[in-house]
Amino acid sequence: MKIGFIGVGQMASAIITGIKQTGHEIIISGSSLTRSQEIAKNLGLKAALSHQELVDKVDLVILGIKPQLFESVLSELDIKKPIMSMAAGVTLNRLAELTDSSLPLIRIMPNMNARILQSTTGISYNHLVNEDLKASIREIVDSFGTSYELAEKDFDTFTALAGSSPAYIYLFIEAMAKAGVKNGLSKAQSLEIATQTVIASAKNLIESEDSPHALIDKICSPGGTTIAGLMDLEKNGLTHSVVSAIDTTIGKAKNM
Ligand code: NAP
């Protein structure tokens, strides 16, 4: 399959790392010809002379531009190929309005862990995507991580839980590291300790049959240090704060 990317920033570059390994041919088109050539050189790919040239040459068009640019970029193009979008908040219906309602359309929500080929990516299709194309899309998406087929109504929730949440997890790690520094450890050491603990705790959760609650109970000895810290986290509303942040993210995605 020939795959064309329109817009190659942080996220498209990350997913291209995985797709390159599938053997599919990739061409790109960026914000200008000079940018396209620069990015193509960096990523070891070919650049198209224009967005339309790219569209005409490929079997699948992937949009890596920001949601705010969809209208202006798509209004200039005549696309008769399946289109895949990774934009937060842009529904399949909106994509059909901006392009052609007779096209197979795919919506994905990757996350930045695509950079290490471990994105958790949501996928939705419109009714024009046939089983063969679905299989190709899954192969492409699985090349940069793990995919989850979703009803489109759940896409904004997935966006919050998987697309945006790496930023929230980094904030938690940064806060742990700051606590280490406050109590006398170096920043580098605190950061490494917090990061390793987050990685191992997530692995432990995946590999054990216990729920997070059961694992929490195993760590909290009666009258001990961990339960004292946990009570303090909840006094300051950690659960409420996380749920509120996810709700706000979903609300923003719905109003993009
Ligand atoms: P980004 O780094 O800003 O990438 C956007 C790219 O679009 C830039 O390389 C920009 O080029 C290019 N561009 C601007 N105008 C263009 C045009 N007219 N034609 C072609 N390319 C153009 O943004 P991003 O974070 O990768 O986000 C891209 C998409 O991924 C968004 O729709 C976003 O919702 C989605 N997404 C992002 C994340 C994330 O974690 N970042 C997660 C999930 C989904 P210049 O640099 O030359 O301006």
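A. Examining the overall build of the protein more closely. Secondary structure summary: the protein contains 11 helices and eight strands in total. A principal-axis box enclosing the C-alpha atoms of the protein has dimensions of 70 × 35 × 30 Å. Taking all 256 residues of the protein together, the buried fraction comes to 38%. The contacts in the protein between residues at least 6 apart in sequence include a share of 51% that link residues at least 24 apart. A total of about 14,400 Å² of accessible surface is found on the protein, and carbon and sulfur atoms cover 57% of it. Of note, the protein has its 23 positive side-chain charges centred 6 Å away from the centre of its 27 negative side-chain charges.

B. Highlighting the packing of aromatic side chains. Under the counting rule described, the total for this entry stands at one aromatic pair. Centroid distance Y148 to F158: 6.1 Å. Interplanar angle 45°. Geometry classified as tilted. Placement of Y148 in strand 8 (residues 145-149) and of F158 in helix 7 (residues 155-182) is noted, with a sequence separation of 10 residues between them. Using a relative accessible area of 39% as the deciding quantity, one classes Y148 as partly exposed. A relative accessible area of 12% means that F158 is categorised as buried.

C. Expanded view of the pairing of strand 4 (residues 60-63). Covered by surrounding structure in strand 4 are L60 and I62 together with V61 and L63, the residues of both alternating faces. Pairing of strand 1 (residues 2-6) with strand 4, which is carried by four bridges, proceeds in the parallel orientation. Each bridged residue has a counterpart across the sheet, and for G4 the counterpart in strand 4 is V61. As a crossover connection, the stretch from strand 4 through helix 4 (residues 70-75) into strand 5 (residues 83-85) is right-handed.

D. Up close: the nonpolar core. Counting 30 residues, the largest nonpolar core has F5, I15, I19, I28, I106, I108 and I137 as the members making the most contacts within it. Counting residues per element, this core draws most heavily on helix 1 (residues 10-19), at six residues. Setting aside anything within four residues of it in sequence, one finds I106 in contact with L60, I83, M84, S85, L92, I123, S124, Y125, V129, L133 and I137. I65, F70, L95 and L103 belong to the second-largest nonpolar core, a separate cluster that totals 23 residues.

E. Representation of the layout of surface pockets in the model. In this structure, the second largest pocket occupies an estimated 860 Å³ of space. In this structure, the second largest pocket is lined by 37 residues; those nearest its centre are M11, G64, I65, K66 and P67.

F. Looking closely at the packing of helix 7 against helix 11 (residues 238-254). It is at 9 Å that the axes of helix 7 and helix 11 come closest, and there the two elements cross at 120°. Here helix 11 runs oblique to helix 7, going by the angle between their axes. Where helix 7 crosses over helix 11, the handedness of that crossing is right-handed. On helix 11, the residues touching D156, T157, A160, L161, S164 and Y168 of helix 7 are I246, T249, I250, A253 and K254.

G. Region of interest: helix 2 (residues 33-43). Of all the residues in helix 2, the buried ones are S36, I39, A40 and L43. Here the buried residues of helix 2 occupy an arc of 100° about the axis, which is enough to place them on one side. Exposed residues on helix 2 whose side chains face more than 90 degrees from its buried face are T34, K41 and N42. Those residues of helix 2 that are buried lie in contact with helix 1, strand 2 (25-29) and strand 3 (46-47). Residue G44 follows helix 2 closely and has a positive phi angle near 70°.

H. Main features of the pattern of salt bridges. Enumeration over the complete set of coordinates arrives at 17 salt bridges. For R107, the salt bridge identified is with D156, shortest N-O distance 3.7 Å. Taken as a pair, R107 in strand 6 (residues 105-109) and D156 in helix 7 lie far apart in primary sequence, 49 residues in all. Neither residue differs from the other here; R107 and D156 are each classed as buried. Here D156 and K254 are joined by a salt bridge, their closest N and O atoms 3.4 Å apart. On the criterion of sequence distance, the pair formed by D156 in helix 7 and K254 in helix 11 is long-range, its members being 98 residues apart. Owing to a relative accessible area of 12%, D156 belongs among the buried residues under this scheme. One continuous salt-bridge network, built from bridges that share partners, spans R107, E152, D156 and K254.

Conventions used here
- Residues numbered from 1 in each chain as written.
- Predicted model: local features only at pLDDT ≥ 70, side-chain atom pairs only at ≥ 80, totals over all residues.
- Heavy atoms only, no water.
- Helix = DSSP H or I, 4+ residues; strand = E, 2+ residues; numbered from the N terminus.
- Buried < 20%, exposed > 50% of the residue type's maximum accessible area, 1.4 Å probe, protein only.
- Contact = heavy atoms within 4.5 Å.
- Areas by Shrake-Rupley, 256 points an atom, 1.4 Å probe, with all protein chains shown as cover.
- Lys, Arg positive; Asp, Glu negative; His and termini not counted.
- Charge placed at Lys NZ, Arg CZ, Asp CG, Glu CD.
- Phe/Tyr/Trp six-rings, centres within 6.5 Å; stacked < 30°, edge-to-face > 60°.
- Pairing = 2+ DSSP bridges.
- Right-handed = clockwise from strand over helix to strand, strands pointing away.
- Core = buried A, V, L, I, M, F, W, Y, C linked by side-chain atoms within 4.5 Å.
- 1 Å grid on protein atoms, 1.4 Å probe; cavity = no way out; pocket = protein on both sides within 12 Å on 5 of 7 lines; lining within 4 Å.
- Points joined across faces, edges and corners; volume = space filled by probe spheres on them.
- Axes fitted to C-alpha atoms, helices over the stretch in contact; angles between N-to-C directions.
- Parallel < 35°, antiparallel > 145°, perpendicular 65-115°, else oblique.
- Left-handed = near helix turned anticlockwise from the far one by under 90°.
- Arc of directions from axis to C-beta.
- Salt bridge = Lys/Arg side-chain N within 4 Å of Asp/Glu carboxyl O.

Limitation: the analysis is restricted to geometry and does not speak to function.
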